[in-house]
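Below, each chain spelled out in residue letters.
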Amino acid sequence: MQQPHGHDHDHAHSHLDEMDLRVRALETLLTRKGYVDPAALDRIVETYENRVGPHNGAAVVARSWVDADFRQWLMRDATAAIASMGYGGRQGEHMVAVANTPEEHNIVVCTLCSCYPWPVLGLPPVWYKSAPYRSRAVLDPRGVLADFGVQLPPSTRIRVWDSTAEIRYLVVPMMPAAAQGLDPRQLAALVTRDAMIGTGLALAPGRAATVTP
Amino acid sequence: MNGVHDMGGLQGFGPVVPEPDQPLFHAAWEKRALALTLAMGATGQWNIDLSRSARESLPPAVYLSSSYYAIWLRALERLMRERGLADADELQDGHMRSAARPVARVLRAQDVDASLARGTPTERPAQAPARYAVGMKVRARNMHPPGHTRLPRYARGHIGTIVLVHGAHVFADAHASSPLPPFQEQPQWLYTVVFAAQELWGPQADATVQVSVDAWESYLEPAG
């Protein structure tokens, strides 16, 4: 699908203005009809802009790196283990965690739409919903990983999870060896959104500060 | 339906281009489109499978040339038009020309957190024992239903192995079959079925790759 920024900037801007007007008209109409409460809309936006995002998933992953009992629970019943940390609900009602190993790397996609584990990762980035990712993740996952600059040994098995129902998947990346001894907050800073989708790896310590959470 | 939304395995869309800062929204209207979609979903006049069905039945050229929130917005407008909640003129300029229709619920600000935290679980009590168990070989049916379905084309006709059994879940195809409440749930056992890439894409495919889909029981038939 269309990338967010067109090459024709005038066109892109007038399109933005048009969409802006159209959505404003829609919101006005639905408010007047009493179908929506504008304050509820504000709260929804605020929730996904500021409160629910990949820092939730990163906390889950970091804990699984240092707490063997939690990790077992996460792998056995991800919905309950994640809920115990206060994360759950819409688009994360039925969670499955899949752990990377030196032998196997996991990648999550939704080829049919944009299914994504909101409570732990927030809203999906544009590329996750884009035609290039949805079309190619199942056919050429190594090629997709290369687009992200990730090169795995040719012998590493790749396991692609297409989210075609209401099960949502969280990839548990491997902990970098150099991260031994860090505290949970420092560990969480190594866990990027892409690492939890499977299009990235956990960061080596020292690189965390350069990455936007 | 065999729509352009069913993208797995298509070629020619080019590389994946992650944006460096990966912003969630690219314009203010996208935030409001997201919130309006969620808030209107909460009125109970349709369900998530009907929303997906509305998005994937947009004209193919429109689907492919629209950004994701524009797809959501068009589908939302369509769902409202179809149910008489708003007409085309009203949607055009925002001026109310007809009275509001009664809706089951209106999502209030103070209920947003609880509503999001609750979500919409789809697991239901099983009506019958599961037909398949972990390790069993199954074939994804070769079928092309004209309505909403969640069995991607690339898996149809291929043999895979059951790796997870998720319990009985609301069957998406049935859930999208009736436009107005009460919706059909017809829960079925849901499985994760894994396929070798070579089974899906042929002998030249990467032997180290496996791909799974989540499939309701009626999508599958026994194999070997």
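Further up the page is the structure itself.
Keep in mind that what you see is a predicted model, and the values were worked out from it rather than measured. (Residues numbered from 1 in each chain as written. Chains lettered and ligands numbered in written order. Predicted model: local features only at pLDDT ≥ 70, side-chain atom pairs only at ≥ 80, totals over all residues. Heavy atoms only, no water.)

## Examining the packing of aromatic side chains
Each pair of aromatic rings is reported with the distance of its centres and the angle of its planes.
Moving on, step 1. Evaluation of the coordinates by the stated rule reveals 16 aromatic pairs over all chains.
Moving on, step 2. Consider the rings of B:Phe171 and B:Trp216, whose centres lie 5.8 Å apart with planes at 65°: the pair is edge-to-face. Of this pair, B:Phe171 sits in the loop between strand S3 (159-169) and helix H7 (172-175) while B:Trp216 sits in strand S5 (residues 209-216), and the two are 45 residues apart along the sequence. Judged on exposure class, the residue B:Phe171 and its partner B:Trp216 are both buried.
Moving on, step 3. Within the aromatic cluster, the residues linked to one another by ring pairs are A:Tyr116, A:Trp127, A:Tyr128, A:Tyr133 and A:Phe148.
Moving on, step 4. Positioned above the aromatic ring of A:Trp161 is the side chain of A:Arg159, whose terminal nitrogen or guanidinium carbon lies 3.7 Å from the ring centre. (Phe/Tyr/Trp six-rings, centres within 6.5 Å; stacked < 30°, edge-to-face > 60°. Helix = DSSP H or I, 4+ residues; strand = E, 2+ residues; numbered from the N terminus. Buried < 20%, exposed > 50% of the residue type's maximum accessible area, 1.4 Å probe, protein only. Lys NZ or Arg CZ within 6 Å of the ring centre and 35° of its normal.)

## Side note on the side chain of A:Asn56
All names here are of chain A.
Moving on, step 1. By secondary structure assignment, the location of Asn56 is in helix H3 (residues 54-66).
Moving on, step 2. Of the polar contacts made by the side chain of Asn56, one reaches the side chain of His55; its length is 3.3 Å.
Moving on, step 3. Dropping the residues within four chain positions of it, Asn56 is found in contact with Arg51, Tyr87, Pro119 and Val120. (Polar contact = N/O pair within 3.5 Å; in protein donor to acceptor, adjacent residues only side chain to side chain. Contact = heavy atoms within 4.5 Å.)

## Here we look at the packing of helix H2 (residues 48-56) of chain B against helix H4 (residues 68-82) of chain B
Residues and elements named next belong to chain B.
Moving on, step 1. The contact between H2 and H4 brings their axes to 8 Å, and the two run at 110°. Judged by the inter-axis angle, H2 sits roughly perpendicular to H4. Helix-helix and strand crossings are classified by hand; for H2 and H4 the assignment is right-handed. Along its contact with H2, which presents Leu50, Ser51, Ala54 and Arg55, the element H4 presents Ile71, Trp72, Ala75, Arg78 and Leu79.
Moving on, step 2. Here the contact of H2 with H4 is built from residues that sort into 6 nonpolar, 1 polar and 2 charged. (Axes fitted to C-alpha atoms, helices over the stretch in contact; angles between N-to-C directions. Parallel < 35°, antiparallel > 145°, perpendicular 65-115°, else oblique. Left-handed = near helix turned anticlockwise from the far one by under 90°. Nonpolar A, V, L, I, M, F, W, Y, C, P; charged D, E, K, R; others polar.)

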